[in-house]
Amino acid sequence: MKCRVCRGPAVIDLPRHNANFCPEHFTRFCRDQVERAISDFDMMQPEDRILVAVSGGKDSLAVWDLLLGLGYAADGLYIGLGIGDYSDTSGGYARRFAQQHAEPRGAKLIEIDLVDDYGYDIPGGARAARRTPCSACGLSKRHLFDRAALDGGYDVLVTGHNLDDEAAVLFGNVLRWQTDYLGRQRPVLPARDGFPRKVKPLVRLSERETAAYCIVSGIDYLVDECPMSAGNKHLGYKEALNEIEVRSPGSKADFYFSFLRRAVDRFAPEPGTGDADRADPGVLAPCARCGSPTSTEVCAFCRLVERAGGSPPDDTPARPVTLGRRGGPDPTGTPSP
Ligand code: AMP
Ligand code: FES
Ligand code: ZN
Ligand code: ZN
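Reading the values: rules and limits
- Residues numbered from 1 in each chain as written.
- Chains lettered and ligands numbered in written order.
- Predicted model: local features only at pLDDT ≥ 70, side-chain atom pairs only at ≥ 80, totals over all residues.
- Heavy atoms only, no water.
- Donors = N, O, S within 2.8 Å, 3.2 Å for Na, K, Ca; no water.
- Tetrahedral: all angles 85-135°; square planar, octahedral: opposite > 155°, others 65-115°.
- Helix = DSSP H or I, 4+ residues; strand = E, 2+ residues; numbered from the N terminus.
- Buried < 20%, exposed > 50% of the residue type's maximum accessible area, 1.4 Å probe, protein only.
- Near = heavy atom within 4 Å.
- Polar contact = N/O pair within 3.5 Å; in protein donor to acceptor, adjacent residues only side chain to side chain.
- Areas by Shrake-Rupley, 256 points an atom, 1.4 Å probe, with all protein chains shown as cover.
- Nonpolar A, V, L, I, M, F, W, Y, C, P; charged D, E, K, R; others polar.
- Expected span 1.5 Å × (residues − 1).

Peer 1: Lay out the coordination of the zinc ion (ligand 3) in plain terms, naming residues and giving numbers.
Peer 2: Each protein donor to the zinc ion (ligand 3) is listed here as Cys3 (SG), Cys6 (SG), Cys22 (SG) and His25 (ND1); together their distances run 2.0 to 2.3 Å. In this structure, the zinc ion (ligand 3) is coordinated by 4 donor atoms arranged in tetrahedral fashion, with angles at the metal of 95 to 114 degrees. Read in sequence order, the donor residues coordinating the zinc ion (ligand 3) give the pattern C-x2-C-x15-C-x2-H. Here Cys22 lies in the loop between strand 2 (19–21) and helix 1 (23–40) and Cys3 lies in the segment before strand 1 (12–14), a separation of 19 residues in the sequence. By relative accessible area, Cys22 is classed as buried at 8%.

Next comes the structure, spelled out in structure tokens:
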């Protein structure tokens with residue numbers, strides 16, 4: 001197996017690209033894919049201040065490393081979710097990466113801890129709110145990502161969602177024809193109405209590629225999956241898509257990128273309808289507790305914290321939000337089941 005570029009020994013084969021690469025040219029390939037995603041979808045500008053949500057897993061550490069390598073000023077944000085050993089370990093990986101890259105790249109890590117700062121954890125919060133752990137977790141993370149990005153004055157919030165993630169979410173939404181979610185499933189969500197701009201620069205790289213990138217770059221990451229995600233529908237969708245991909249390389253990327261090219265616009269939400277949780281379509285106004293934009297008096301995050309018996313940090317002032325426009329869909333809901 002020879003590298004497509006230099007004919008040296010290759011360490012990875014990429015059937016979808018009909019190519020093999022040596023470590024150096026594989027790293028360059030990953031960087032090119034991220035640059036291309038950034039430019040194709042107009043994700044960010046060179047002068048932007050970036051906040052990368054890092055879980056300690058391969059994707060988020062890879063995207064942080066790639067953005068730093070491309071010269072972006074990118075800090076990290078780690079949220080301790082209180083999921084036992086898993087959270088303790090994942091935080092360690094995020095912290096170690098941040099320490100290693102503090103000099104000379106100037107990366108710093110912002111940390112939020114659900115238990116210490118808000119008085120609840122994901123298993124308890126999920127039980128109290130009668131949500132699945134992944135739903136309570138997704139809701140908490142989305143809220144805290146938005147808040148940390150806006151409070152810290154960042155221009156863009158980055159997550160490590162990769163091609164497999166996006167294709168699996170698309171697959172699930174198509175299976176059930178969740179048209180409202182389909183209309184919002186883009187790798188860029190513009191800043192609006194008190195929400196930061198959110199982007200997914202890894203959409204052109206698969207899970208296997210981000211893991212390989214970490215290995216060839218010497219990035220130590222948490223391999224274990226979250227223990228609460230066992231049986232999660234998305235894992236099943238990923239397996240199904242992987243089987244198709246083996247028989248027909250490139251199907252996954254075609255499925256996702258052809259959707260973006262040819263179909264997503266057809267599902268654009270009607271102005272003035274729907275919101276992120278679809279609980280209560282209507283106007284967006286500041287949450288009575290935290291000031292975040294919401295279509296209900298108290299936002300879903302503050303309701304979750306209250307039900308779980310927690311409370312926001314004392315020093316957190318209610319964030320006044322100037323809403324440019326009342327009504328309309330919350331643009332930040334991650335399309336998901
Ligand atoms: P997941 O929802 O676990 O599939 O993760 C999707 C993305 O959310 C990751 O690639 C990270 O960018 C971000 N993320 C997940 N968990 C955390 C966490 N505990 N702290 C900060 N960011 C996270
Ligand atoms: Fe959120 Fe597992 S990381 S439930
Ligand atoms: Zn090479
Ligand atoms: Zn709130």
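Anyway, onward from the coordinates.
Peer 1: Lay out the site of ligand 1 in plain terms, naming residues and giving numbers.
Peer 2: Around ligand 1, a shell composed of 13 residues is seen, among which Ala53, Val54, Ile79, Lys141 and Gly160 lie nearest. Between Val54 and ligand 1, the recorded distance is 3.3 Å, taken from a backbone N or O atom to a nitrogen atom. At 3.2 Å, a side-chain N or O of Lys141 approaches an oxygen atom of ligand 1. Taken by itself ligand 1 offers 470 Å² of open surface, and the protein chains cover 75% of this. Among the secondary structure elements, those contributing two or more residues to the shell around ligand 1 are strand 4 (73–80) and helix 6 (133–151). When residues of the shell around ligand 1 are assigned to their parent elements, the largest contribution, 3 residues, is made by strand 4. In terms of residue class, the shell around ligand 1 is made up of 7 nonpolar, 5 polar and 1 charged.

Peer 1: How would you explain the coordination of the zinc ion (ligand 4) if you had to name every residue and give the values?
Peer 2: In this structure, Cys287 (SG), Cys290 (SG), Cys299 (SG) and Cys302 (SG) serve as the protein donors to the zinc ion (ligand 4), at separations of 2.3 to 2.4 Å. Each of the 4 donor atoms bound to the zinc ion (ligand 4) contributes to angles spanning 107 to 114 degrees, and the resulting shape is tetrahedral.

Peer 1: Quick rundown of helix 2 (residues 58–69)? Include the residues and the values.
Peer 2: Taking 1.5 Å of rise per residue, the 12 residues of helix 2 would be expected to cover 16 Å, and the 16 Å separating its terminal C-alpha atoms lies within 8% of that figure. Summarising burial for helix 2: 11 of the 12 residues are buried, a large majority. Those residues of helix 2 lying buried are Lys58, Asp59, Ser60, Leu61, Ala62, Val63, Trp64, Asp65, Leu66, Leu67 and Leu68. After helix 2 finishes, the residue Gly71 shows a positive phi value of roughly 95 degrees.

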